[in-house]
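Results of the structural survey
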Amino acid sequence: MAAKMNNSNQFIPSVCFARNIWSGILLGIGFIAFVDEAVFHQILHWHHFYDKSTTDIGLVSDGIFHAFSWFATIGSLFMFADLRRRNALHLVLWGGGVFLGAGAFQLYDGIVQHKMMRIHQIRYNVNILPYDLIWNIAAAVMIFIGMIFIFQAKQRVTKNREKPIK
Amino acid sequence: MNHHHILHNIDAFIQFCWALSFGLLWLLYLFAAMSARIRHKKWPFFRIVFWTLGMISAVLAITGPLAKQAHLDFKAHMIVHLLLGMLAPLFMVLAAPMTLLFRTLNVKTARKLSVVLRSKYVRIVSHPIAASFLNIGGLWVLYTTDLYAEMHANIFLHLFVHIHVFLAGYVFTASFLSIDPTPHRFGFIFRAIVFVLAAAGHSILSKYIYAHPPSGVSEEQAQLGGMLMYYGGDAVDIVMIIILCYQWYKASWPRSLSVLPKIH
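Residues numbered from 1 in each chain as written. Chains lettered and ligands numbered in written order. Predicted model: local features only at pLDDT ≥ 70, side-chain atom pairs only at ≥ 80, totals over all residues.

Observations regarding the overall build of chain A
Inclusion rule: In this text, helices come from DSSP runs of H or I with a minimum length of four residues, and strands from runs of E with a minimum of two, each type numbered from the N-terminal end. Exposed residues have 12 or fewer other C-beta atoms within 10 Å of their own C-beta, buried residues have 20 or more, and residues in between are partly exposed; the C-beta atoms are placed from the backbone. For the purpose of contact definition, each residue receives a C-beta atom placed from its backbone, and two residues are in contact when these atoms lie within 7 Å.
Scanning chain A for helices and strands turns up five helices and zero strands. Counting every position in chain A, which comprises 166 residues, the buried fraction comes to 38%. Counting only contacts in chain A whose residues sit at least 6 apart along the sequence, the fraction spanning at least 24 positions is 90%.

Details of the overall build of chain B
When you go through chain B residue by residue, the secondary structure sums to 12 helices and zero strands. Starting at the N terminus, the α and β elements of chain B follow one another as α-α-α-α-α-α-α-α-α-α-α-α. Out of the 264 residues belonging to chain B, those deemed buried represent 34%.

Describing the confidence of the model for chain B
For any part of a model where pLDDT is low, the fine detail of the predicted coordinates should not be relied upon. Defined as follows: Summary of the metric used: pLDDT quantifies the predictor's per-residue confidence within the range 0 to 100.
When the pLDDT values of chain B are averaged, the result is 89; 95% of them are 70 or greater. Confidence estimates for the predicted assembly give a pTM of 0.87 and an ipTM of 0.84.

Focus: the environment of I145(A)
Residues and elements named next belong to chain A. By the secondary structure assignment, I145 is in helix 5 (residues 128-162). Classification of I145 by C-beta neighbours within 10 Å gives partly exposed; the count is 17. Each C-alpha atom of the pair I145 and V98 lies 9.8 Å from the other, and the pair is 47 residues apart in sequence.

Some words on the nonpolar core
Here is the rule: Take the buried Ala, Val, Leu, Ile, Met, Phe, Trp, Tyr and Cys residues, join any whose C-beta atoms are within 7 Å, and the set you get is a nonpolar core.
Membership of the largest hydrophobic core comes to 94 residues, with the highest contact counts inside it found for I29(A), F71(A), A58(B) and A88(B). The element contributing the most residues to this core is helix 4 (residues 74-94) of chain B, with 14 residues. For A58(B), the contacting residues outside a window of four places in its chain are F22(B), L84(B), A88(B) and F166(B).

Overview of unusual backbone geometry
Its identity as a non-glycine residue notwithstanding, R118(A) has a phi of 50 degrees, on the positive side. Along the chain, the position of R118(A) falls in the loop between helix 4 (91-116) and helix 5. Note on R118(A): 14 C-beta atoms within 10 Å, which makes it partly exposed. You will see that S178(B), though not glycine, has its phi angle at about 30 degrees, which is positive. By the secondary structure assignment, S178(B) is in the loop between helix 10 (155-177) and helix 11 (188-211).

Now the structure itself:
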C-alpha cells in the first residue's frame, strides 16, 4: 500500500483535478483583489474609495467582488489544505489556476469595472492611457501563463492515466 | 428644561436596564456552566470567555461615554453598531448558549424548548435569506430613510432600533455558523453564496453612505463612518468566513484517506 502511494505513475481522481484548478483560481482572484486594495488603495492612494462617476451597477459589482474575494481567499486556502490531506495536490495545475484567476479578475476590473462601470480610475490627474494599457496587458499575460500551466499539467496527468497501474 | 431633565432620566434608566439585563444573562450563563459541569462534563472555558466578551461588547455599545458620543458623532454611532450588531452577536454565538441551556434544563422543559425552536416562526426568521434581509435590509432602511434622524429625536425609537440591530445580528450570525443545534442546517455552498451576497449588501451600503450622508449627518462624518463600516465589517466577516470554511473542511474529511492515490 505504501509503495502504491508513492508511485508517481498514478492519476488524480477527476474531482481533485477540478479542485486543484478551482482552488488556484479562487486564490488568484482573492490575491489580486488584495493587492489592489493594499497597494493601489492603501499604500499608493492612486485608487479612490469612491468616485462620483460610479454607476449604480458599478457600486453593486464592486460590493459583490469585494465580499467574494475575501471568501475566495479563505475558501481556496482550505481547499488547498484539503487537497494536501488527500494527497492530491498538483502544484503546476494549482499554480495555473492562480494565474488564470488573477488575470481574469484583473481584466474584469480593468475593462468592465474601471472603464464601463467607472467605479474609479487607476490614477488621477495623469494621462491614463499607459496605465490602462499596462494594467490590461499584464492581465492578459497572467491569463496566458495560467493556460500554459494548466495545459502542461493536463497533458502530463492524462499521459500518466493512460499507463497501466502496476 | 424640566422636559429635558425627564428625558435625560429616562435615558439613564434605559441604559441601567440594558446593563442589568446583560449582567443577568452573564450570571445565568455562569450558573448554567457550573451546573452542566456537575451533571455532565466540564463546559469549555473558552466558551465562557466568548460569552463574557459578548456581554462586554453589548454593554459598552449602549452605556457609558461611547453611547453619549454616538448621539453627536456618526463615527461613534458606527462603532456602536459594529459592537452591537456584529461583534457581540459573534462572541455570543461562539459561546453556544442554546447547547448549554439544553444541558442544564430537565428533559420536560428541554422538550418544550425544542418545540419552540422548531416552530414555524423560528424556522422562517432563522433562514439565512430571511436573517440577511432582517439584518442588512434593516440597515438599508435605517440609513437611507429619515429613520436615522427620527431615531435621535425619539428615545424609544432609538431603543427599538438598537434592540433590532442586536437581535438581527445574532440571528444572522447564528443562521450561518450554526454552532448551536438548529432544526435545519443548510448546505455549505448555499450558505456561502447567501453570505457573500449579504456581505456585499453591507459593503455597498457603506459606500452609499460615504456618497450620500444620512439625514442630519455632515459629509465628512458620513465619509469617516462609511469607511469604518466598510473595513470594520470586513474584519468581522473574515472571522465568520474562516469558521464557515473550517466547518466545511471538517465535514468533508475523506473517510478512506488511504484509498486515494498520490498524483504526479
